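Results of the structural survey
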Amino acid sequence: MRKKIVAGNWKMNTLLKDGMELAKAVEEQTRASSADAMVIIAPPFTHLSRIGDLISHVRLAAQNCSSEASGAYTGEVSPDMLISAGVEYVIIGHSERRSYYAEDNQVLNKKVKLALEAGLKPIYCCGEVLEEREAGKLFEVVETQIKVGLEGLTAADMEKVVIAYEPVWAIGTGKVATPEQAQEMHQFIRQLLARLFDERVAEDISLLYGGSCKPSNAAELFANPDVDGGLIGGASLKAGDFAAIVNAF
Ligand code: PGA
């Protein structure tokens, strides 16, 4: 049985004190949840090690990592550094990194490999922009993102990878994908993984949906057979909303 996961991507929000309070509230409000979903939070880099000390069943993720292992890369944070700070997961290839920081599939592939070598579990993001969907290129775009971004990984590596499908037109816009649109792409991704790796990889991997997911729409998204949870942006900044999404299972 594959894992159900609800992950909160805080993006560049919260000062340290507020972040610590939010993490504590998430820990408390999701502890008693009867949903057997794994809960992950991805605070900013500066908060990670302090927040790591405050949580126990909630897992810790970073929002990015360097594509280089160490050395003269001012401003970068390596996967080994994240491990040393108690981080378990790392979001790689979020659409905001792809568009604002020009991260392409090749550099993301380097990040995924380096993260795995360090012992981090990548949450690899993919998803089309609106023009690509309207031009009927959505499957082609996502296929390339997955093929190139995960190139060279083994089936054993894939046991540690989570994939998040986040249609860019749904991120932060309030325009959520319909359950049918989410299911259609998740099923496509699973079939693609069966071709690229094997059936077992495809069956066992957790595929998360992201993009304007909130308490009012989470249950119908998560009810789809190929949607194993969500990557939550805006609604992860309120512990009550985030816990309600966890409980949507
Ligand atoms: P959103 O963001 O939930 O605010 O749309 C999702 C994400 O970017 O991961």
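At alanine 102, a residue that is not glycine, the phi angle is positive and equals roughly 50 degrees. Here alanine 102 shows up in the loop between helix H4 (95–100) and helix H5 (105–118). A positive phi angle, near 55 degrees, is found at serine 212, a position not held by glycine. Mapped onto the secondary structure, serine 212 falls in the loop between strand E7 (207–210) and helix H11 (215–222). For serine 212, a relative accessible area of 16% puts it in the buried group.

Judged by pairing direction, the barrel is parallel, and its eight strands sit side by side in the order E1-E2-E3-E4-E5-E6-E7-E8 before closing back on the first. Across the sheet, the mean angle separating the axes of adjacent strands is 25 degrees when strand polarity is ignored. With four bridges connecting them, strand E1 (residues 4–9) and strand E8 (residues 229–232) associate as parallel partners. From the neighbouring strand, alanine 7 faces E8, where its bridge partner is leucine 231. Across the sheet, helix H9 (residues 179–196) lies against strand E5 (121–126), strand E6 (162–165) and E7, angled at about 145 degrees from E7, the strand it touches most.

Calculation notes
- Residues numbered from 1 in each chain as written.
- Predicted model: local features only at pLDDT ≥ 70, side-chain atom pairs only at ≥ 80, totals over all residues.
- Heavy atoms only, no water.
- Helix = DSSP H or I, 4+ residues; strand = E, 2+ residues; numbered from the N terminus.
- Buried < 20%, exposed > 50% of the residue type's maximum accessible area, 1.4 Å probe, protein only.
- Pairing = 2+ DSSP bridges.
- Axes fitted to C-alpha atoms, helices over the stretch in contact; angles between N-to-C directions.
- Contact = heavy atoms within 4.5 Å.

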